[in-house]
Amino acid sequence: MIAEAVKHTTKGIDLSIPFYLENMVGGNLIGPLSGQFIDNVNPATGEVFCKIPDSDEKDIEAAVNAAKKAFPHWSVTPAEERFRILNTIASLIDENLEELAMAETIDNGKPLWLSKRVDIPRASANFRFFATGIMHFAAESHSMEDKAINYTLRQPIGIVGCISPWNLPLYLFTWKIAPALAAGNCVIAKPSEVTPVTAFLFSRICKAAGLPDGVLNIVHGRGDRAGEAIVSHPAVKAISFTGSTGAGARIASIAAPVFKKLSLELGGKNPNVIFADCDWEKMLKTTIQSSFANQGQICLCGSRILVEESIYEKFKTAFVEQVQKLKVGDPLEETSRQGAVVSKQHFDKVMRCIERAREEGGKILCGGNAVQLQGRCANGYFIEPTVIEGLGPSCETNLEEIFGPVVTLQSFRNEAEALELANACNYGLSATIWTQDISRANRVAAKLEAGIIWVNCWLLRDLRTPFGGMKNSGVGREGGWEALRFFTEAKNVCVQL
Ligand code: NAD
């Protein structure tokens, strides 16, 4: 059985995957109070390889009680001590990279080399970044000359909820938890029920690192059950959510009327704007990545490729030729460029979107079909990387997030038309611009309706920068001081002199 590939580590932490995953509540690893579990499937093989707690409001209540007990002490723990524990967690993630990467790939279907190079290193980077960040975090003071001095206290909020998606499981789970803990909060965290395994293994890492009981509680389960129980619990004062726009809207409808702090990182339908004067080789290589990395299941993937008319045909030919070379295969093989999509449900959704593109009159330039592998992966969920042309900005295919290995091509005549096409949908997460003209790059960047703009690059991330989207892509920003500010309450103290 594949799960057996992940053995006990030599570092003394048991990182084997048990058949029944457990919640971490008050420092204890325990099953769901209802005794109910959900199947967890390896998307590369279609096999159930473990079971996930189907937690409900009773488990959340227990987690909240544990967090309440832990908060008074954790909230006043010196920053140096929080640094030490969070930094230890980062080191333990690094030391156990092989086991965590294997678990991520088994659970998610992404190539093992990608888990090793991107997902797990970024999880430790998140913890290291916010561990050191809290040592430098400072608040403002405003002097009113000889009348008064104002200073701002940045105090932990209390108990906060962190809910994350399946596409970058441990990467995004830690991106939320690390700043929340660093700022002195106690956390109720729920990973996606589609990819819970590394979050479960992470609970063992936190215990080994000496994180006090109850400071972080990890509760597994479905969004509409465990997730909503976190969002609606009165003691949970802030929610940091990454996921779909639909779930974000539902969460906002529960949390907003009771004035919880909300950070919502939602879907994207990002434009990749390619001008004729681009650095051709670099653009082509990066556009393959920005289109299909992680089977196109990254919220930042450029799924709408907009190409200047004069190079459209040249681009189309070269791009399709490169896409056809991407090997779809067993995620455990080093040569596979594309692994499985995350689940049968998601496979069906992406295939329906390809069908809809056909019905809308789109021309499939390459891909468009499921891939039937042989042997171990014969029952896995694999899709050919797909390129579609001939669809305008107002068709569903160019308006709705597909979140799979599917991109569309559109051509534009000039800068104004490029902007019109780029801004033509309701999402506003990220955008990429390819041009050698620095003035145009700055002009277009200023007018694009997106929270994150890359010029002549993609997914180049500095963790200090504000991260998040506008329009239907979310509310608020993560990263750097933005995250530490989100996870603290500002209190102004005015002292008359
Ligand atoms: P999803 O919205 O279905 O689920 C995300 C998480 O929310 C899961 O843990 C789920 O259990 C939980 N959830 C679902 N409904 C809930 C509810 N009503 N209350 C509380 N929790 C609930 O999203 P997904 O399918 O797991 O992830 C894919 C989506 O995430 C895509 O839309 C993608 O663009 C988006 N995403 C955005 C970013 C970003 O930074 N903006 C990053 C990654 C993924």
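Since the structure is predicted, the reported quantities are computational estimates derived from the model, not experimental observations.

Description of the sheet that holds strand E24 (residues 488-496)
- Taken in spatial order, the 3 strands of this open sheet run E5-E6-E24, and their pairing is antiparallel. Sheet topology places strand E5 (141-144) and E24 at the edges, where each strand pairs with a single neighbour. Going from strand to strand, the sheet's axes swing by 20 degrees on average, the running direction of each strand aside.

With respect to the site of the ligand
- Taken together, 30 residues lie near the ligand, and Lys190, Glu193, Ser244, Leu266 and Glu401 sit nearest.
- Here an oxygen atom of the ligand sits 2.7 Å away from a polar atom, N or O, in the side chain of lysine 190.
- Protein coverage of the free-state accessible area of the ligand, which is 840 Å², stands at 90%.
- At a threshold of 2 Å from the grid points, most atoms of the ligand map onto the largest pocket.
- Elements that contribute at least two residues to the shell around the ligand include exactly helix H7 (223-232), strand E10 (236-242) and helix H8 (245-255).
- It is H7 that provides the largest number of residues to the shell around the ligand, a total of 4 residues.
- Here the shell around the ligand is built from residues that sort into 14 nonpolar, 10 polar and 6 charged.

A word on the state of the cysteines
- What the rule picks out here adds up to 0 disulfides.
- With no disulfide of its own, cysteine 301 lies closest to cysteine 299 among cysteine sulfurs, the gap being 8.2 Å.

Things to note about the pattern of salt bridges
- Taken as a whole and assessed by the stated rule, the structure comprises 25 salt bridges.
- A salt bridge links lysine 316 to glutamate 313; its shortest N-O distance comes to 3.5 Å. Of this pair, lysine 316 and glutamate 313 are both found in helix H10 (residues 312-324), 3 residues apart, which corresponds to roughly one turn of the helix.
- By sharing partners, the salt bridges in this structure join Asp54, Asp56, Arg222, Asp224 and Arg225 into a single network.

Focus on the packing of helix H9 (residues 280-292) against H10
- One way to put it is that H9 packs onto H10 with a least axis distance of 11 Å and a crossing angle of 55 degrees. Taken together, H9 and H10 sit at an angle that is classed as oblique. Considering the relative orientation of H9 and H10, their crossing is right-handed. Touching Trp280, Met283, Leu284, Thr287, Ile288, Ser291 and Phe292 of H9 are Lys314, Phe315, Ala318, Phe319, Gln322 and Val323, all from H10.

A closer look at the sheet that holds strand E18 (residues 406-412)
- Here 7 strands make up an open sheet; going across it, the order is E14-E17-E18-E13-E12-E20-E21 and the pairing mixed. Both outer strands of the open sheet, strand E14 (363-366) and strand E21 (452-455), are each paired with one neighbouring strand and no more. Each strand axis lies, on average, 25 degrees off the axis of its neighbour in the sheet, ignoring direction.
- One ladder, built from 4 bridges, connects strand E20 (residues 430-434) with E21; its direction is parallel. Considered in E21, the bridge of threonine 432 is made with tryptophan 454.
- Across the face of the sheet, H10 comes into contact with strand E12 (271-274), strand E13 (304-308), E14, strand E17 (386-389) and E18 while running at roughly 165 degrees to E18.

Brief notes about the environment of arginine 358
- Tracing the backbone shows arginine 358 in helix H11 (residues 344-359).
- Accessibility expressed as a relative area gives 34% for arginine 358, which makes it partly exposed.
- Separated by 39 residues in the primary sequence, arginine 358 and threonine 397 have C-alpha atoms spaced 9.5 Å apart.
- In contact with arginine 358, other than residues within four places in its own chain, are Ile364, Gly368 and Asn369.
- A polar contact of 3.4 Å, which involves the side chain of arginine 358, links it to the backbone oxygen of glycine 368.

Reading guide: rules and limits
- Residue numbers restart at each chain and count upward from 1, following the sequence in its written direction.
- A pLDDT threshold of at least 70 governs which residues receive local features in this predicted model, and a stricter bar of 80 or more applies before side-chain atom pairs are shown or counted, although totals over entire chains, interfaces and linings include all residues.
- Only hydrogens and water are removed before side-chain values are computed, so all heavy atoms of the structure are retained for them.
- Here, strands pair whenever DSSP counts at least two bridges between them.
- Going along the chain from the N terminus, every DSSP run of H or I of four or more residues is numbered as a helix, and every run of E of two or more is numbered as a strand.
- Whenever a helix is involved, its axis is fitted only over the stretch in contact; in every case the axis is a line through C-alpha atoms, and angles between N-to-C directions fall within 0 to 180 degrees.
- We call a residue near a given molecule or strand whenever any one of its heavy atoms falls within 4 Å of it.
- Polar contact criterion, stated in full: a pair of N or O atoms within 3.5 Å, where within protein one must be able to donate a hydrogen and the other to accept it, and residues adjacent in sequence count only if both atoms are side-chain atoms.
- To be clear on the numbers: accessible area is Shrake-Rupley with a 1.4 Å probe, and residue cover counts the displayed protein chains and nothing else.
- Only protein atoms enter the 1 Å grid used here. Points where a 1.4 Å probe fits but cannot escape make up a cavity, open sets with protein on both sides within 12 Å along at least five of seven lines make up a pocket, and a residue lines them when an atom lies within 4 Å of a point.
- Put plainly, a molecule is in a cavity or pocket when over half of its atoms are within 2 Å of the grid points there.
- When residues are sorted by character, Ala, Val, Leu, Ile, Met, Phe, Trp, Tyr, Cys and Pro go into the nonpolar class, Asp, Glu, Lys and Arg into the charged class, and all the rest, Gly among them, into the polar class.
- To count as a disulfide, a pair of cysteine sulfur atoms needs to be within 2.5 Å.
- When a carboxyl oxygen of Asp or Glu lies within 4 Å of a side-chain nitrogen of Lys or Arg, that pair is called a salt bridge.
- Here roughly perpendicular refers to angles of 65 to 115 degrees, roughly parallel to angles under 35, roughly antiparallel to angles over 145, and oblique to all remaining angles.
- Rotating anticlockwise by less than a right angle from the far helix to the near helix defines a left-handed crossing, while the corresponding clockwise rotation defines a right-handed one.
- Residue contacts follow a heavy-atom distance rule, with two residues in contact if any of their heavy atoms lie within 4.5 Å.
- Accessibility here uses a 1.4 Å probe with only protein chains present; expressed as a share of the type maximum, an area under 20% marks a residue as buried, one over 50% as exposed, and anything in between as partly exposed.

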